[in-house]
Amino acid sequence: MKLVIISVHFEYADVIEEIVDRHAAQHYFVFPRIEGRDSEGFHEGSQVHPGNLAALQVRVDDDDVAALFDDLERFRREKKAHAHLEAVVVPIEKRMGPEP
């Protein structure tokens, strides 16, 4: 099992959530508006980038990570405005909670 952490400009959070839903993620969180700095150096509150970021934490089976990343990469390459999207995969070593 893996945890995929995605950061994106907040106005694209709904689109990314739709992508995640298509992959039947077992469990995920959406932090719809957070302060931070994107991979291009823009940050909330600046004159250049007055908006916020969104973050998603998605728990997926190992076998589903590649397909999710393929769809995220397709979105990222669709438009120059999507190039800021970033995603990382972290292994889940231990988990407590209801069975998946």
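Above this note sits the structure.
Quick notes on the rules
Residues numbered from 1 in each chain as written. Predicted model: local features only at pLDDT ≥ 70, side-chain atom pairs only at ≥ 80, totals over all residues. Heavy atoms only, no water. Phe/Tyr/Trp six-rings, centres within 6.5 Å; stacked < 30°, edge-to-face > 60°. Helix = DSSP H or I, 4+ residues; strand = E, 2+ residues; numbered from the N terminus. Buried < 20%, exposed > 50% of the residue type's maximum accessible area, 1.4 Å probe, protein only. Axes fitted to C-alpha atoms, helices over the stretch in contact; angles between N-to-C directions. Parallel < 35°, antiparallel > 145°, perpendicular 65-115°, else oblique. Left-handed = near helix turned anticlockwise from the far one by under 90°. Contact = heavy atoms within 4.5 Å. Nonpolar A, V, L, I, M, F, W, Y, C, P; charged D, E, K, R; others polar.

A. The packing of aromatic side chains, seen in detail. Within this structure, the stated rule accounts for two aromatic pairs. Relative to F75, the ring of Y12 lies with its centre 5.7 Å away and its plane at 70°, an arrangement referred to as edge-to-face. One end of the pair, Y12, is in the loop between strand 1 (2-9) and helix 1 (13-22); the other, F75, is in helix 2 (residues 65-78), and 63 residues separate them in sequence. Using a relative accessible area of 18% as the deciding quantity, one classes Y12 as buried. The buried category is assigned to F75, whose relative accessible area is 4%.

B. Inspection of the packing of helix 1 against helix 2 at higher detail. For the pair helix 1 and helix 2, interaxial distance at closest approach is 10 Å and the crossing angle is 155°. Taken together, the axes of helix 1 and helix 2 are roughly antiparallel relative to one another. For the pair helix 1 and helix 2, the sense of crossing is right-handed. Facing helix 1, whose interface residues are V15, I16, I19, V20 and R22, helix 2 presents L68, D71, L72 and F75. Class assignment of the residues belonging to the contact of helix 1 with helix 2 gives a composition of seven nonpolar, no polar and two charged.

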